[in-house]
Amino acid sequence: LLMLHPQDIIDSGTYSHEQVIIYQNTFFDGRYGGNWLKSFPQIKILSLWHIDVSDDYMSKLLSEVSTLDTLEFHYCNKITGRILLPLSRIATLKRLIINNERCVVQEHSYETVIKDDEWSTIKNRTLDTIVIDSKALTMDFIDQILKRFLGLKRFIMDSEVLTKLNKNSRDGYGQESITFHSVVDTTQGFKRQ
């Protein structure tokens, strides 16, 4: 699959694969169009490694996916925090991994890459685990994620961001709890209610 062109996948019909891994394949960067992901109607896990896909391309690609459980972006340098907008609408998505220490989540002070009116459209209860391994992950962005992804149980992040979050957070009043962990050492972390 790694050497195939997206159009070849579309032309070949459907596949029963539940897991698809694309690694360093320049054909999958969005230039060639076509929703090749429709050829995998049973897909549960999509893992992209070193692919220059954009938030907009992924939004179009994922618009008709109804079975995806886990989505992974590893070193996909064009993915930003805006990817949360289309992902929040996938009712089956439980796990998200954004593994890129330079992932952009905040453009200006007090303004994340997702505007306040856009954040207000997110109401998701299915995502339970999120990994954002970015040194640019800010307290503002974390706060919005916690307000909008109400089913979140695990939030895994850069160690420095975790330390800053621990110093700047406290328990809430709800019955639900969430654990925060370091992406480097998952034994390092804390729980908040």
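The notes below deal with the structure included here. Since we're looking at a predicted model, the values are computed, not measured. (Residues numbered from 1 in each chain as written. Predicted model: local features only at pLDDT ≥ 70, side-chain atom pairs only at ≥ 80, totals over all residues. Heavy atoms only, no water.)

**Observations regarding the environment of proline 6**
Argument step 1. As for its position among the elements, proline 6 is in helix H1 (residues 6–11).
Argument step 2. For proline 6, a relative accessible area of 1% gives the class buried.
Argument step 3. As a C-alpha pair, proline 6 and asparagine 35 span 29 residues in sequence and 8.0 Å in three-dimensional space.
Argument step 4. Dropping the residues within four chain positions of it, proline 6 is found in contact with Phe27, Phe28, Gly33 and Trp36. (Helix = DSSP H or I, 4+ residues; strand = E, 2+ residues; numbered from the N terminus. Buried < 20%, exposed > 50% of the residue type's maximum accessible area, 1.4 Å probe, protein only. Contact = heavy atoms within 4.5 Å.)

**Looking at helix H2 (residues 55–62)**
Argument step 1. When we look at burial in H2, the residues that qualify are Asp55, Tyr57, Met58, Leu61 and Leu62. Along the axis of H2, the buried residues cluster in a sector spanning 160°; they form a single face. Those residues of H2 that are exposed and angled more than 90 degrees off the buried face are Asp56 and Lys60.
Argument step 2. On its buried face, H2 sits against strand E2 (45–49), strand E3 (70–74) and helix H3 (84–87). (Arc of directions from axis to C-beta.)

**Considering the packing of aromatic side chains**
The description of two aromatic rings rests on the distance between their centres and on the angle between their planes.
Argument step 1. For the coordinates displayed, the defined rule picks out seven aromatic pairs.
Argument step 2. For the pair tyrosine 15 and phenylalanine 40, a centre-to-centre distance of 5.1 Å together with 20° between the ring planes defines the contact as stacked. Of this pair, tyrosine 15 sits in the loop between H1 and strand E1 (19–23) while phenylalanine 40 sits in the loop between E1 and E2, and the two are 25 residues apart along the sequence.
Argument step 3. Of the residues examined, tyrosine 15 reaches a relative accessible area of 21% and is grouped as partly exposed. (Phe/Tyr/Trp six-rings, centres within 6.5 Å; stacked < 30°, edge-to-face > 60°.)

**Digging into the sheet that holds strand E8 (residues 154–157)**
Argument step 1. A sheet is described by the order of its strands in space; here eight strands give the open sequence E1-E2-E3-E4-E7-E8-E9-E10, paired in mixed fashion. At either end of the open sheet lies a strand with only one pairing partner, and these are E1 and strand E10 (189–192). Going from strand to strand, the sheet's axes swing by 10° on average, the running direction of each strand aside.
Argument step 2. Of the strand pairs in this sheet, strand E7 (residues 129–133) and E8 are connected by four bridges, and their pairing is parallel. Looking at the pairing, threonine 129 lines up with arginine 154 of E8. (Pairing = 2+ DSSP bridges. Axes fitted to C-alpha atoms, helices over the stretch in contact; angles between N-to-C directions.)

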